[in-house]
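Structural overview for review
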Amino acid sequence: KADWGDAICSSKELWEFGPMELGAWACTPGGFQVVNRPTTEVFVVLEGSGFLTNLDGTARRFGPGSTVVLPKGWSGRWDVLETMRKVYMAVKEPDESESKIESDFSRSDRLVGS
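Computed from a prediction, not measured in an experiment: that's the story for all the values here.

Cut-off values and rules
- Residues numbered from 1 in each chain as written.
- Predicted model: local features only at pLDDT ≥ 70, side-chain atom pairs only at ≥ 80, totals over all residues.
- Heavy atoms only, no water.
- Helix = DSSP H or I, 4+ residues; strand = E, 2+ residues; numbered from the N terminus.
- Buried < 20%, exposed > 50% of the residue type's maximum accessible area, 1.4 Å probe, protein only.
- Contact = heavy atoms within 4.5 Å.
- Areas by Shrake-Rupley, 256 points an atom, 1.4 Å probe, with all protein chains shown as cover.
- Phe/Tyr/Trp six-rings, centres within 6.5 Å; stacked < 30°, edge-to-face > 60°.
- Lys NZ or Arg CZ within 6 Å of the ring centre and 35° of its normal.
- Salt bridge = Lys/Arg side-chain N within 4 Å of Asp/Glu carboxyl O.

A tally of regular secondary structure across the chain gives zero helices and eight strands. Starting at the N terminus, the α and β elements of the chain follow one another as β-β-β-β-β-β-β-β. Scored against the burial criterion, the 114 residues of the chain give a buried share of 31%. The contacts of the chain with a sequence gap of at least 6 include a subset with a gap of at least 24, amounting to 64%. With the model as given, the accessible surface of the chain reaches about 7700 Å², and the carbon-plus-sulfur share is 56%.

Right under this line is the structure:
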């Protein structure tokens, strides 16, 4: 929900494999808060510009060619100054409460040469 401008955003998932999703996202000028991101996201800005601001007030400008990583749990705000487009990869990391599958390689008694 925008607190200035319209910030009309749209996304298109292009590929999904397990916990990973690749897609494209666009947003018109506006500003909005993000609280506790549910995924880790890496994206590259194709066009447009704006600022990402962390909760501590640290702001970073982004524009065409910028590569950004937003970790799971990130909170802050987006201020999109010019209509932007990005391609992204989002990864859903397992919660600590979720069961973990034990890999054959995670047990020390199965490691060769140790």
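Here we take up the packing of aromatic side chains. Under the definition given, this model contains five aromatic pairs. Ring geometry for F32 and W78: centres 6.2 Å apart, planes at 15°, overall stacked. Placement of F32 in strand β4 (residues 30-34) and of W78 in strand β8 (residues 76-91) is noted, with a sequence separation of 46 residues between them. When sorted by exposure, F32 lands in the same class as W78, which is buried. An angle of 70° between the planes, with centres 5.6 Å apart, marks the rings of F62 and W78 as edge-to-face. With a gap of 16 residues between them, F62 in strand β6 (residues 59-62) and W78 in strand β8 connect regions that are remote in the sequence. When sorted by exposure, F62 lands in the same class as W78, which is buried. Grouped by ring-pair contacts, the aromatic residues W25, F32, F43, F62 and W78 constitute a single cluster. Residue placement shows K86 over the ring face of F43; its charged tip is 4.1 Å from the ring centre.

Turning our eyes to something else, we now look at the pattern of salt bridges. Applying the stated criterion across every chain yields a total of five salt bridges. Two residues, R77 and D3, come together in a salt bridge whose shortest N-O distance is 2.9 Å. Linking R77 in strand β8 with D3 in the segment before β1 (4-5), this pair joins segments that are 74 residues apart in sequence. Given a relative accessible area of 48%, D3 falls into the partly exposed group. Between E41 and R37 there is a salt bridge; the shortest N-O distance is 3.1 Å. The two residues E41 and R37 agree in class, both being buried. The network of salt bridges with shared partners includes D3, R77 and D79.

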